[in-house]
Amino acid sequence: METFRSHVMICGGTGCHSSGSGDLIKAFEEQIKGNGLDKEVKVVRTGCFGLCEVGPIVVIYPEGAFYSRVKAEDVKEIVEEHLLKGRIVKHLLYHDSINENSGDIKSLNEVNFYKKQKRIALKNCGIIDPENIDEYLAFDGYKALTKVLTEMTPEEVIKTVKDSGLRGRGGAGFPTGLKWDFCYKAKGDKKYVLCNADEGDPGAFMDRSVLEGDPLAVIEAMTIAGYAIGSDQGFIYVRAEYPIAVQRLQHAIKQAREYGLLGKNILETGFDFDLEVRLGAGAFVCGEETALMRSIEGKRGEPRPRPPFPANQGLFEKPTLLNNVETYANITQIILNGADWFSAIGTEKSKGTKVFALGGKINNTGLVEIPMGMTLREVLFDVGGGIPNGKKFKAAQTGGPSGGCIPTSKLDIPIDYDSLVSIGSMMGSGGLIVMDEDNCMVDIARFFMEFIVEESCGKCAPCRIGTKRMKEILDRIVAGKGVEGDIEKLEELGNMLKESALCGLGQTAPNPVLSTIRYFRDEYEAHIKDKRCPAGVCKGLMRYTIIADKCKSCGICAKNCPVSCISGEKKVPYVIDQDKCIKCGQCMEKCPFGAIELK
Amino acid sequence: MKSIKDLEAIRNKTLEDVNLRKDRKGTRVVVGMATCGIAAGARPVLLALMDEVQKRGLKDVTVAQTGCIGVCRLEPMVEVYTPGEEKVTYVSVTADMVPRIVTEHIVNGNPVMEYTIGAAENNTDKK
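Analysis parameters
Residues numbered from 1 in each chain as written. Chains lettered and ligands numbered in written order. Predicted model: local features only at pLDDT ≥ 70, side-chain atom pairs only at ≥ 80, totals over all residues. Heavy atoms only, no water. Helix = DSSP H or I, 4+ residues; strand = E, 2+ residues; numbered from the N terminus. Rg over C-alpha atoms; globule rule 2.2 N^0.38 Å. Buried < 20%, exposed > 50% of the residue type's maximum accessible area, 1.4 Å probe, protein only. Contact = heavy atoms within 4.5 Å. Areas by Shrake-Rupley, 256 points an atom, 1.4 Å probe, with all protein chains shown as cover. Lys, Arg positive; Asp, Glu negative; His and termini not counted. Charge placed at Lys NZ, Arg CZ, Asp CG, Glu CD. Pairing = 2+ DSSP bridges. Axes fitted to C-alpha atoms, helices over the stretch in contact; angles between N-to-C directions. Parallel < 35°, antiparallel > 145°, perpendicular 65-115°, else oblique. Left-handed = near helix turned anticlockwise from the far one by under 90°. Nonpolar A, V, L, I, M, F, W, Y, C, P; charged D, E, K, R; others polar. Buried area = accessible area lost by both parts, 1.4 Å probe. Salt bridge = Lys/Arg side-chain N within 4 Å of Asp/Glu carboxyl O. Polar contact = N/O pair within 3.5 Å; in protein donor to acceptor, adjacent residues only side chain to side chain.

Asker: Could you give an account of the overall build of chain A, with specific residues and numbers?
Answerer: For chain A, the helix and strand inventory stands at 22 helices and 18 strands. Relative to the compact-globule value of 25 Å for 599 residues, chain A shows a C-alpha radius of gyration of 27 Å, a close match. Each of the three principal axes of chain A carries a C-alpha extent, and together these read 95 × 65 × 40 Å. Taken over 599 residues, chain A has a buried fraction of 59%. Long-range contacts, defined as pairs at least 24 residues apart, comprise 70% of the intrachain contacts of chain A with a sequence gap of at least 6.

Asker: Please provide a residue-by-residue account of the overall build of chain B, values included.
Answerer: Scanning chain B from N- to C-terminus turns up five helices and four strands. In chain B, which comprises 127 residues, the proportion classed as buried is 44%. For chain B, the computed accessible surface area is about 6,400 Å², with 49% contributed by carbon and sulfur atoms. Positive and negative side-chain charges in chain B, numbering 18 and 17 respectively, have mean positions lying 5 Å apart.

Asker: Quick one: what's the story with the pairing of strand E5 (residues 192-197) of chain A, residue by residue and with numbers?
Answerer: Residue and element names in this part refer to chain A. Taken across its six residues, E5 has six buried, putting it largely inside the fold. Side-chain alternation along E5 places Tyr 192, Leu 194 and Asn 196 on one buried face and Val 193, Cys 195 and Ala 197 on a second face that is also buried. Bridge analysis of E5 against strand E6 (residues 233-239) gives six bridges, and the strand direction is parallel. Considered in E6, the bridge of Tyr 192 is made with Gln 233. Strand direction decides the pairing type here: E5 and strand E9 (residues 320-324), joined by five bridges, are parallel.

Asker: Which residues make up the sheet that holds E6(A), and what values go with them?
Answerer: Residue and element names in this part refer to chain A. Taking strand neighbours across the sheet as the criterion, the five strands line up as E7-E8-E6-E5-E9 in an open arrangement whose pairing is mixed. The open sheet has two free edges, formed respectively by strand E7 (263-266) and E9, since each of these has just one partner strand. Averaged over neighbouring strand pairs, the angle between their axes works out to 25° when direction is ignored. Sheet contacts for helix H10 (residues 243-258): E6 and strand E8 (271-280); angle to E8, the most-contacted strand, approximately 165°.

Asker: Go over the packing of helix H16 (residues 441-455) of chain A against helix H17 (residues 461-478) of chain A, please, and point to the residues and values.
Answerer: Residues and elements named next belong to chain A. Where H16 meets H17, the closest approach of the two axes is 9 Å, and the angle between their N-to-C directions is 150°. The angle between H16 and H17 places the two elements in the roughly antiparallel class. For the element pair H16 and H17, the recorded crossing hand is left-handed. Across the interface between the two elements, Val 442, Asp 443, Ala 445, Arg 446, Met 449, Glu 450, Ile 452 and Val 453 of H16 pack against Thr 467, Lys 468, Met 470, Lys 471, Leu 474, Asp 475, Ile 477 and Val 478 of H17. A class-by-class count of the residues in the contact of H16 with H17 yields nine nonpolar, one polar and six charged.

Asker: So what's going on with the interface of chain B and chain A? Which residues, and what values?
Answerer: Counting from both sides, the interface comprises 33 residues of chain B and, opposite them, 43 residues of chain A. Between chain B and chain A, roughly 3,300 Å² of surface is buried when both sides are summed, and carbon and sulfur atoms account for 59% of that area. Together, B:Met1, B:Arg11 and B:Arg21 form the three largest contributors to the area buried by chain B at its contact with chain A, with a combined 22%. Put simply, chain B and chain A have one salt bridge between them. Residues A:Glu40 and B:Arg43 are paired through a salt bridge, measuring 2.8 Å at the closest nitrogen-oxygen approach. At the junction of chain B with chain A, the criterion picks out eight residue pairs in polar contact (both at pLDDT 80 or more). Of all the secondary-structure elements, those providing two or more residues to the side of chain B that touches chain A are helix H1 (4-18), helix H2 (35-40), helix H3 (42-55) and strand E2 (61-66) of chain B. For the side of chain B that touches chain A, the element with the most residues is H1(B), which contributes 10 residues. In terms of residue class, the side of chain B that touches chain A is built from 15 nonpolar, eight polar and 10 charged.

Asker: Go over unusual backbone geometry with me, naming the residues and quoting the values.
Answerer: A cis geometry characterises the amide bond from A:Arg306 onward to A:Pro307, with omega recorded as -5°. As for its placement among the helices and strands, A:Pro307 is situated in the loop between helix H11 (289-297) and E9. Omega for the peptide link from B:Glu75 to B:Pro76 comes to -10°, which places this bond in the cis form. Mapping B:Pro76 onto the fold places it in the loop between E2 and strand E3 (78-81). Even without being glycine, A:Lys571 reaches a positive phi, approximately 70°. Judged by relative accessible area, A:Lys571 falls into the exposed class, the value being 83%.

Asker: Go over the side chain of A:Thr375, please, and point to the residues and values.
Answerer: Residues and elements named next belong to chain A. Position of Thr 375 among the secondary structure elements: in the loop between strand E11 (366-371) and helix H14 (376-383). We classify Thr 375 as buried; its relative accessible area is 17%. With residues up to four places along the chain from it excluded, the contact list for Thr 375 reads Leu 411, Asp 412, Ile 413, Pro 414 and Ile 415.

Here it is in structure tokens:
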């Protein structure tokens, strides 16, 4: 193989891909060839670097120069200056990667965004070419499987996972080793290993990024799981809305098969294991384990009551192990570095790291992996770079439609499974949506409830009807038609739903509503009693009114009103009929005297 | 099908290539490649260095380029940074000189004194 003196790593994650990294790859290849550097410089498409906010991202080694928001026009300059003449193009670098005092460039680990992160699940993302198995091998790939197959018994593998303290990263946090042990002990002629890549929370993209950036880490871990529980067949259930992830996964499976790392007699040890990808059609409920298994079987994706638990009776009624993508992404590292290494990271009951997708009102939108126990404040303000435009932080939402909102007063709680549950939220799969003073908490709760109403499968009445009724009440409140007692009714319905729904989707569905009531009850009350939206979001509570002093009775507003709700006559100020007004804002826009206000 | 040995071989071979993305340790060889360096013939020197490093399978050596080192009249210039040692600057380097620099200096740790900037300056003084 040829060696190259310089590697140009271009992010090929979905975020950067949609901001044009595909064109950049072409532009770099053309420019490099044009300058006769194609034997010296290699262009590599990688997985997500995490800092999606400033994408597309290009990192050039060996200098480790971190270019952000690179445009196709910039490529010529980077190639001619940096690659040909060795002069780093400082004005195109990510602003925080230059040392202010010395003007030198910092290594990636010193940049604020990366400094406090600890990358285990995302270890290879942005470092390797996800479509090249040789690169995966060079970064310790398949060392863990080799160790497991040649030196360890299944019991030892399970014990290592148990001792590491790893808990399910899909959200609920069930101890992974225990799950493996149940499956190992379950009796059956055939067992299955499944990977849940049906990531459905709005704003979450951790699993997608792992699959796009390091698909073989998941494949290797599933093979290890197959050895541990005694299974020879696995399925990865991934949503069809993740085309890049699906394509890289399939490519990785093909390469692993060619190398004999999937299939019969793996590494000449007599162990057989193979994997297939199953595409989900994007139903949120199919992330629930029993519904997911139904869907793989080719049936309608609906949950069923447990027990029997999947460990004993899962896919095709056989013992089945199901873990989330990120959970698997930790396994090879635990095997290689040992349970003690992993359990030394994090808190007493939550070990290791957690990947979060930062979104909403935050400067560094993107993907971060932090050790458990870091405070929310550190994640948002040190890693995340704080709230943009000098606005005030209001709340952070974890766990998507199953989680809750965390207010300013709880910013200093450590992020771990149990602390988050204690304040009415949950770890969730890792979506972290940040809200500032301009967000209305009632509107947020309504948004999540609307999502749940659409995604409820309808099998059980509490979820099918309960969520709908809750949404109707919320609709009423944001439309300014809330009545006394609505808050109490929401709480009652929510608690009932928690107790009685069939699966996790329904049981956790009221969380966004209940947690916003818990911490932002005053906002609900303002909507209901004062008919006022403190954040100025809820259209239904806004009123366009004509300021009598400023109105010149020209009639332009009335002429432009699409529902003819403005009336008046010459020399008398015009009036808006509030019952008919649809709040389109046309009148305010058209008024030549600024006589219409919105409150 | 690959055996465990095959995997190890692929791993080692690929490592040579991807090593430069890992944290930098070991020796760093830098070639001055500003306009002056390129005009004086730095590119063949750079290629010869890469060739030599690869031929000898030196894993902890990075070959990189840099801008103008400053003494344009002595280009092409090559600087060798070994951790814990003073940097050594070679001047008026040609591709023919590269094998000696790599063998004697980078592999065996003895800088080729006659190629260094110190030697070049002594010569100028004598003239």
